[in-house]
Amino acid sequence: MKLVTTFRKSLITLFIIYLALASTPIVQAGTMRFFPTLCLLVIAFCGICSFATGKKAQIGTIVASFSVYIVLCAVLHPSTDGGMLMTFLKSTYWCWVYFIAYTIFSYKNVDEKHLNNVILVATTLFALSFSYSHISRTAGFDPIGDNTVFYPLLMLPWIACVSNTAKRWITVAIVALCAITALKRSGIIIFFISVLLLYYNNFMYKKRLTARAIITTFCILIGALVIYHYKADFVSDIHQRFSMIEEDGGSGRENIYKDVIDRYVSGDLAQQVFGQGFDSVRGDDRTMSLSAHNDFLEVMYDFGLVGLFFYVLIHLSLIKWTIRLFRNGSQLAFPVLISYVCFFVMSMVSHLILYPTYFSLLTAFWAYAECKDRVLQCPS
C-alpha cells in the first residue's frame, strides 16, 4: 500500500498515457510495442500490493473473489492468444485498477480542483488519441463503428463530477464530437442517456429555473447546432445505422448470440460451470465473431456459471449503491448512475470484460466515488 500511495501520481500518469496510446499505431512500432506489456506488469504488481486494502471497498469483496477466480482460470485455461502470462495480465487488469484506485483515493482527501484538471486533460488526450487512431484506421474507406470512441465516452462519469459548469459542458462537447464521428450505435445511446441525466441533474433536479440555467441551456443548444452543421453527414449516417438495426440484427448480434449460446449448451457440465477460459469465444474455431458482443454471455462462456455469478453480483451491488445514493440525496448519485448506464449498455451490446483498457475507467471511477461518498458522509 505504501508503494502505491508514494507513487500515486506516477501511477495515474502511467494509467492515462497507457490508455491514450493503447488504440494508436504508436504502440505497434519499434520498442514501443513493449510499452503495453510493461504497463500491464506494473499495474498488476501494484494491484496485488493494493489487494488487502482494495477488498475492503464497496464491491471489493466481490471483485477480490472474482479476481482470484480469474487468476485460477488464467492458470488452468490460458488464452490461445498470448499464453498464461498475458492471459493473467489482460483478464485481471480491471481488478487491479479498482484496487489501486481505491488505495490512492482513500489515502487522503482528494484535491477536487486538481482532479478536475486531470479529468479535463485525460478526456482531451483520449479524444485526440481517438481522432488520430480513427484517421489512421479509416483512411481510404468509410468508417463504421469505431470502438476506440469508448475511451473518451467512458470518461462521462468522471466529467459529471467536474465542479465547474462551463468546463464540464465544454468537455461533454468534446466527447460529443467523438461519439458522432465514431458512428457507434452503442456509443450514441450511452452519450445521449448520460447527457440527459447530466442536464437533468445540473438544471432541473430539485432546482428552480435560474438565469444561469437558461444561459447554459442556450449555449448547449447553440453548440449542438454547430456540431450538427459541421457533422451533418455523420448525423445522417448515424440515423441510417439506427434505422438498419432490424435489418442487420444489430450488426449480426442475433446470430452471434445464438451461436455462443448453442456452443455453451453443447459443452460438458464442467465447462458450463467453470468456463473455458478468458477470451475463449474468440479462441474457438467455430466462432462467428471475435467476441460474444454481450458481456453476460462472454463471462458465462469464458468463466462459466461461477464467473457469471460474480459478474451479476457486481451489477446488483452497483444498482443497490445507486439507489442508496439517491435516497441520501448524494451529489454522487447522478455520476454513479451515469457510470452504471455506461456499464449496462456496454455489457448488453458490446464487450468490456475482454479488453485491459476502457473498462478500467469505470472501475477506477467506482473506487473514487466510494471514497468520495465516505468523505461526504463523514466530513471529519
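Details of the structure are given in the entry above.
A few points on the structure. Treat the numbers as computed from the prediction; the structure is a model and nothing was measured.

What about the overall build of the protein chain?
- A tally of helices and strands in the protein chain yields 19 helices and zero strands.
- Across the 380 residues that make up the protein chain, the buried fraction comes to 53%.
- Accessible surface for the protein chain amounts to roughly 18000 Å². Of this, 66% is attributable to carbon and sulfur atoms.

A look at the packing of aromatic side chains
- The full count for this structure, using the stated rule, is 30 aromatic pairs.
- Centroid distance Tyr18 to Tyr93: 5.8 Å. Interplanar angle 70°. Geometry classified as edge-to-face. Note that Tyr18 is positioned in helix H2 (residues 8-22) and Tyr93 in helix H6 (residues 83-105), a separation of 75 residues in sequence. Summarising the burial analysis for this pair, Tyr18 and Tyr93 share the class buried.
- Aromatic side chains Phe343 and Phe359 sit 5.7 Å apart centroid to centroid with 15° between the ring planes, which places their arrangement in the stacked category. With Phe343 in helix H18 (residues 333-349) and Phe359 in helix H19 (residues 359-377), this pair connects stretches of sequence that are 16 residues apart. For the residue pair Phe343 and Phe359, the accessibility class agrees, reading buried in each case.

What about the nonpolar core?
- Counting residues in hydrophobic clusters, the biggest one holds 115 residues, and the most contacted among them are Phe66, Trp94, Phe126, Trp158, Phe191, Phe343 and Trp366.
- Counting residues per element, this core draws most heavily on H6, at 15 residues.
- The contact partners of Phe191, leaving out residues within four places of it in the chain, are Leu153, Leu156, Val172, Val175, Ala176 and Ala179.

Quick word on the pattern of salt bridges
- Applying the stated criterion across every chain, the model contains five salt bridges.
- The partner of Lys372 in a salt bridge is Glu112, with the nearest N and O atoms 3.1 Å apart. One end of the pair, Lys372, is in helix H19; the other, Glu112, is in helix H7 (residues 112-138), with 260 residues separating them in the sequence.

Some thoughts on helix H10 (residues 165-182)
- Over its 18 residues, H10 extends 26 Å from the first C-alpha to the last, a length consistent with the 26 Å expected when each residue adds 1.5 Å.
- Measuring from the side-chain oxygen of the N-cap residue of H10 to the backbone nitrogen of Ala166 gives 3.1 Å; that N-cap residue is Asn164.
- Immediately beyond the C-terminal end of H10, within one or two residues, lies Leu183, with a positive phi of roughly 55°.

Some thoughts on a nonpolar patch on the surface
- Where nonpolar side chains cluster on the molecular surface, the patch consists of Val68, Leu72, Val75, Leu76 and Met84 and spans about 470 Å² of accessible area.
- Among the structural elements, Met84 can be located in helix H6.
- Judged by relative accessible area, which is 44%, Met84 ranks as partly exposed.

Some remarks on the environment of Thr357
- With respect to the helices and strands, the residue Thr357 is situated in the loop between H18 and H19.
- For Thr357, a relative accessible area of 8% corresponds to the buried category.
- Sequence separation between Thr357 and Ser23 is 334 residues, and the spatial gap between their C-alpha atoms is 9.2 Å.
- Setting aside chain neighbours within four positions, we find Thr357 in contact with Tyr18, Leu19, Ala22, Tyr93 and Tyr151.

Definitions and limits used
Residues numbered from 1 in each chain as written. Predicted model: local features only at pLDDT ≥ 70, side-chain atom pairs only at ≥ 80, totals over all residues. Heavy atoms only, no water. Helix = DSSP H or I, 4+ residues; strand = E, 2+ residues; numbered from the N terminus. Buried < 20%, exposed > 50% of the residue type's maximum accessible area, 1.4 Å probe, protein only. Areas by Shrake-Rupley, 256 points an atom, 1.4 Å probe, with all protein chains shown as cover. Phe/Tyr/Trp six-rings, centres within 6.5 Å; stacked < 30°, edge-to-face > 60°. Core = buried A, V, L, I, M, F, W, Y, C linked by side-chain atoms within 4.5 Å. Contact = heavy atoms within 4.5 Å. Salt bridge = Lys/Arg side-chain N within 4 Å of Asp/Glu carboxyl O. Expected span 1.5 Å × (residues − 1). Polar contact = N/O pair within 3.5 Å; in protein donor to acceptor, adjacent residues only side chain to side chain. Patch = residues over 30% accessible without salt bridge, like charges linked within 9 Å, V, L, I, M, F, W, Y side chains within 5 Å.

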